[in-house]
Amino acid sequence: MCNIQKNYLEMSSNKTGQSFDFTGLKRVIALGLSQSKGLFLTVIFIAVFSACFSVYRPYLTGDVIDNYILNKDLLGLKSEIIKLIIILVFEGILAFFTVYLANVVAQRVIRELRVRLYNHLIKFKLGYFDKTPNGVLVTRSVSDVETIAEVFNDGILVLLGDALKIIFIVAMMYYMNWVLATIVIVILPLMMIITRYFQKALKDVYQDERTLVAKLNTFVQERLTGMNIIQVFNRQQAEYDKFVSINNDLKKNYLKTVLYFSLLFPVVDIVSALATGSLIWFGGLRTAVAGDVTVGNLIAFTQFITMLTTPMRAIAERFNSIQRGLVGADRVFNILDADETLPDNGTKKLEKVKGQIDFENVVFSYVPNNPVLKGINFSTKPGETIAIVGSTGAGKSTIINLLSRFYDIDSGLIKIDGVDIYEMDLVSLRKHVAVVLQDVFLFNTTIFDNIVLGNKEITLDQVKAAAKVIGIHDFIESLPKGYYAEVSERGSTLSVGQRQLISFLRAYIYNPEILVLDEATSSIDSNSEEMIQRATEKLTEGRTSIIIAHRLATIQNADQIIVMDNGMIVEKGTHESLLAAKGYYSNLYEVQFSKINN
Ligand SMILES: Nc1ncnc2c1ncn2[C@@H]1O[C@H](COP(=O)(O)OP(=O)(O)OP(=O)(O)O)[C@@H](O)[C@H]1O
């Protein structure tokens, strides 16, 4: 099974087996407190206050019936009704503040988590991204984080109010009439069992839902990026079928949630009706026969049952929201807890480097125990141009990944100016090494921004001067908005050659002492080839350069050519000496030369 699939499955099937994740909840609450302690406590205070008020209402209703309506005390009735109205209005105001403030807390937590997550991800080793599909990470950073809001919005803060309400109602019922209170209370455990059952079932459904959403995001994102492959190979129908299948799974999952909910409400209603029926039957008998239950008591208690059912039913919903939020939180915290950051323990900050590079017996594997580089040794003098050639998959690009510490080596030493790169501060190391990758990546912003990459110290004039040297200034100026022309996603509206030249310009403007260039394999027209050849000469002038070459014609003047095969260096020398040796390089050269001639 490939790494991506494995990691994806690991991240998706993180079921804990517990019905409620208290550790996750504690962590989310701690985050809420750290973001808005004052607000958080205010909402709790309002919830307590509001719970007291709502309980007072049925009590007052019973009191109005027994003492004012039945006694025909109209004056007293008027003042009691005014009291009831004031309580209702006040309850409404408190409800508004609870919902509004809980949402403010939730949004602050979301903002904080997104920032933390992005800040964490951006420091991860490239190896992590090799294993994890982009769609999964997009889902974690966008929609999973969003679900955490539910823990606050409809979750714990409101849940607390509901729980308090239940406690106050029970206390008030016993205060008013213990017989009626006991009749109602007997029914309560039944409701709790039902709620707990649905709570467990819903957690599993939500976990599956998050997995399926991530799967759908990954699918759509990858297909959109590789749309040209799908269309060229006429895979539309097959890809459509796969999409329909994932989408169907998601629909089935949502319907499961709906099923649980549609069942939960009627079941709770039936239990509530059972409680009301028993109350009226027994209570009515006692009113008529024993006389120890007043009419006001009976009416107040029917109101209590409704008031109990609503928060109890709501508690199931609240748990449901918290559950959904905690499943999202679990996934987000998994990433936040992942220790995938590239270790940066080096302390040496080199201000200027001369450009001497040494690889000493370097061994490296992407996947443990499967070395891709098996003992690489070479050295460059400052200012030299060194070319690396060899068969596909030989390990050429891997060498440049190691020099910039995109990945860490298994053993050996890589030195710049005699200093082990692991002793160097990472930022300082990368400041001295510019990399032009085979597959040019352009962001969806202006050409200028794509070149300076947010560095405010680089001016437009500097970029223009550099573009003239590289030979792309006229082309950029010919675009409708020149340097401020927007590049479409990944630069798809530019030709391969133009994208290459923009990435050359990006490296040139940073003026590094060491340049690493992974030549594009895609064929370009001879005019662009000539432009790129001239730009390469300018780019490598006066700095140590490592060029991974696919076209041998471009590297004949290199100071040193390294020939690689199957993770090892098989030959080293100049173009002439290697041709004379009649070995691997000479063969490679002849094959390319005869291809060109043919
Ligand atoms: N991120 C990765 N994870 C796992 N294996 C990888 C990764 N990148 C490359 N490899 C493997 O490492 C080996 C060397 O790859 P590398 O890209 O260095 O070859 P290359 O010589 O640059 O090839 P090409 O000329 O085709 O670009 C290959 O077998 C490749 O499959």
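These numbers were taken from a predicted model, which means no experiment stands behind them.

1. Examining the pairing of strand S10 (residues 568-573)
Of the strand pairs in this sheet, strand S9 (residues 560-565) and S10 are connected by five bridges, and their pairing is antiparallel. The residue of S10 that forms the bridge with methionine 564 is isoleucine 569. Hairpin connection, S9 to S10: the antiparallel pair is bridged by two residues, and asparagine 566 has positive phi, about 50°.

2. Observations concerning the packing of aromatic side chains
Under the criterion given, the structure shown has 18 aromatic pairs. Taken together, a centroid distance of 5.7 Å and an interplanar angle of 90° make the contact between tyrosine 128 and phenylalanine 129 edge-to-face. With relative accessibility at 6%, the residue tyrosine 128 sits in the buried group. The exposure class assigned to phenylalanine 129 is partly exposed, which follows from its relative accessible area of 29%. When the centroid spacing of 5.6 Å and the interplanar angle of 50° are considered together, the rings of phenylalanine 448 and tyrosine 484 count as tilted. Residue phenylalanine 448 is found in helix H12 (residues 447-452), and its partner tyrosine 484 is found in the loop between helix H14 (473-478) and helix H15 (496-509); the two are separated by 36 residues along the sequence. Judged by relative accessible area, which is 11%, phenylalanine 448 ranks as buried. Assessed through its relative accessible area of 40%, tyrosine 484 is described here as partly exposed. Each residue in the set Phe45, Phe49 and Phe90 is aromatic and connected to the rest through ring pairs, giving one cluster. Lying over the aromatic face of phenylalanine 333, arginine 27 brings its terminal NZ or CZ to 4.1 Å of the ring centre.

3. Notes on the domain arrangement of the protein
Looking at the assigned domains, one finds that the protein contains domain 1 (3-337) and domain 2 (357-597). Placing a centre on the C-alpha atoms of domain 1 and another on those of domain 2 gives a separation of 55 Å.

4. Topic: unusual backbone geometry
The backbone of leucine 453 shows a phi angle near 50°, a positive value even though the residue is not glycine. Under the relative-accessibility criterion, leucine 453 is labelled partly exposed at 43%. A positive phi angle, near 45°, is found at asparagine 511, a position not held by glycine. Tracing the sequence through the fold places asparagine 511 in the loop between H15 and strand S7 (514-518).

5. Looking at a nonpolar patch on the surface
Among the surface-exposed residues, Phe45, Phe49, Ile81, Ile85, Val89, Phe90, Ile93, Phe96, Phe97 and Tyr100 lie close enough to one another that they form a single nonpolar patch of about 970 Å² accessible area. In terms of residue count, helix H3 (residues 74-121) provides more of the nonpolar patch than any other element does, eight residues in total.

6. So, the sheet that holds strand S2 (residues 373-380)
Read across the open sheet, the four strands follow the order S2-S1-S4-S5; overall the sheet is antiparallel. Of all strands in the sheet, those bounded by a partner on one side alone are S2 and strand S5 (419-420). Against the sheet, helix H10 (residues 396-403) contacts strand S1 (357-364), S2 and strand S4 (411-416), and its axis sits at roughly 110° relative to S1.

7. A few points about the site of the ligand
Around the ligand there are 14 residues in total, and Asp130, Thr392, Lys396, Ser397 and Thr398 lie nearest to it. Here a nitrogen atom of the ligand and a side-chain polar atom of aspartate 130 are 2.9 Å apart. Threonine 392 is positioned such that a nitrogen or oxygen atom in its side chain is 2.5 Å from an oxygen atom of the ligand. Look at the ligand: alone it shows 640 Å² of surface, and the protein chains cover 64% of it. When residues of the shell around the ligand are assigned to their parent elements, the largest contribution, three residues, is made by H10. Here the shell around the ligand is built from residues that sort into four nonpolar, eight polar and two charged.

8. A closer look at the environment of aspartate 339
Examined against the element boundaries, aspartate 339 turns out to sit in the loop between helix H9 (295-337) and S1. Judged by relative accessible area, aspartate 339 falls into the exposed class, the value being 67%. In this structure, the C-alpha to C-alpha distance between aspartate 339 and glutamine 231, residues 108 residues apart in sequence, is 39 Å.

Basis of the calculations
Residues numbered from 1 in each chain as written. Predicted model: local features only at pLDDT ≥ 70, side-chain atom pairs only at ≥ 80, totals over all residues. Heavy atoms only, no water. Pairing = 2+ DSSP bridges. Helix = DSSP H or I, 4+ residues; strand = E, 2+ residues; numbered from the N terminus. Phe/Tyr/Trp six-rings, centres within 6.5 Å; stacked < 30°, edge-to-face > 60°. Buried < 20%, exposed > 50% of the residue type's maximum accessible area, 1.4 Å probe, protein only. Lys NZ or Arg CZ within 6 Å of the ring centre and 35° of its normal. Domains from an automatic or database assignment. Patch = residues over 30% accessible without salt bridge, like charges linked within 9 Å, V, L, I, M, F, W, Y side chains within 5 Å. Areas by Shrake-Rupley, 256 points an atom, 1.4 Å probe, with all protein chains shown as cover. Salt bridge = Lys/Arg side-chain N within 4 Å of Asp/Glu carboxyl O. Contact = heavy atoms within 4.5 Å. Axes fitted to C-alpha atoms, helices over the stretch in contact; angles between N-to-C directions. Near = heavy atom within 4 Å. Polar contact = N/O pair within 3.5 Å; in protein donor to acceptor, adjacent residues only side chain to side chain. Nonpolar A, V, L, I, M, F, W, Y, C, P; charged D, E, K, R; others polar.

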